[in-house]
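Letter by letter, the chains look like this.
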Amino acid sequence: MNRITVINERTHKILGDRIIWANHFYTRLKGLLGKKELNKGEGICLIPCSSVHTFFMKIPLDVIFVKKKAEGKYQVIRWKEGITSGKVIFSKGADAVLELPTGTISRSHTMEGDIIRLLPSDKLPSV
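Here the structure is a predicted model, which means the values were calculated and not measured. (Residues numbered from 1 in each chain as written. Predicted model: local features only at pLDDT ≥ 70, side-chain atom pairs only at ≥ 80, totals over all residues. Heavy atoms only, no water.)

Before going further, it helps to examine the overall build of the protein chain. A tally of helices and strands in the protein chain yields 2 helices and 9 strands. Going from N to C terminus, the protein chain has its helices and strands arranged as β-β-α-β-β-β-β-β-β-α-β. Rg of the C-alpha trace for the protein chain: 13 Å, near the compact-globule value of 14 Å for 127 residues, within the 12% margin. Burial statistics for the protein chain: of 127 residues in total, 44% are counted as buried. In the protein chain, of all internal contacts separated by at least 6 residues, the share reaching a separation of at least 24 is 66%. Seen as two clouds, the 21 positive and the 12 negative side-chain charges of the protein chain have centres 3 Å apart. (Helix = DSSP H or I, 4+ residues; strand = E, 2+ residues; numbered from the N terminus. Rg over C-alpha atoms; globule rule 2.2 N^0.38 Å. Buried < 20%, exposed > 50% of the residue type's maximum accessible area, 1.4 Å probe, protein only. Contact = heavy atoms within 4.5 Å. Lys, Arg positive; Asp, Glu negative; His and termini not counted. Charge placed at Lys NZ, Arg CZ, Asp CG, Glu CD.)

Further remarks concern the sheet that holds strand β5 (residues 61–70). One closed barrel holds the 7 strands; their spatial order is β1-β2-β3-β8-β5-β6-β9, and the pairing between them is mixed. Across the sheet, the mean angle separating the axes of adjacent strands is 35 degrees when strand polarity is ignored. In the sheet, β5 pairs with strand β8 (residues 96–101) via 6 bridges, with the strands oriented antiparallel. For Ile64, the partnering residue across the bridge sits in β8 and is Leu98. (Pairing = 2+ DSSP bridges. Axes fitted to C-alpha atoms, helices over the stretch in contact; angles between N-to-C directions.)

Following Ile47, the chain continues to Pro48 via a peptide bond in cis, the omega torsion being -5 degrees. Tracing the backbone through its elements, the reader meets Pro48 in the loop between β3 (42–46) and β4 (51–53). In this structure, His12 is a non-glycine residue whose phi angle is positive, near 60 degrees. Tracing the sequence through the fold places His12 in the loop between β1 (3–8) and β2 (14–22). On the basis of relative accessible area, His12 is assigned to the partly exposed category, the value being 46%. Of note in this structure, His109 is not a glycine but carries a positive phi near 55 degrees. Within the secondary structure layout, His109 lies in the loop between α2 (104–108) and β9 (115–120). Residue His109 is classed as partly exposed on the basis of its relative accessible area, which comes to 48%.

So far we have only geometry, and geometry alone does not tell us how the molecule works.
Right under this line is the structure:
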């Protein structure tokens, strides 16, 4: 399973450095189901994806919807913090969705319009 690092270009904050790259049917289908906790730096990037649900989830999530702008660069088009179990959330026009531990959005000061970079976890740039 491939992992990526996600960096907010405006704030230079790392949103996660152990993000599962879920670009196949099975990894998107399974998502984070069954996870009992999500530590800082962990999460999943569902691609392609424009909607998520939290049915049967045991942990709340921060969710970021992004639109592809260039190779490895995505623009935040919508975000929601602390999504609890039993919810459905979507964003028209999203190419991918990041599911992250609650508090990630506020700690990284991520906002709509920010550009985030998705890169292999072993290729951290200097910021």
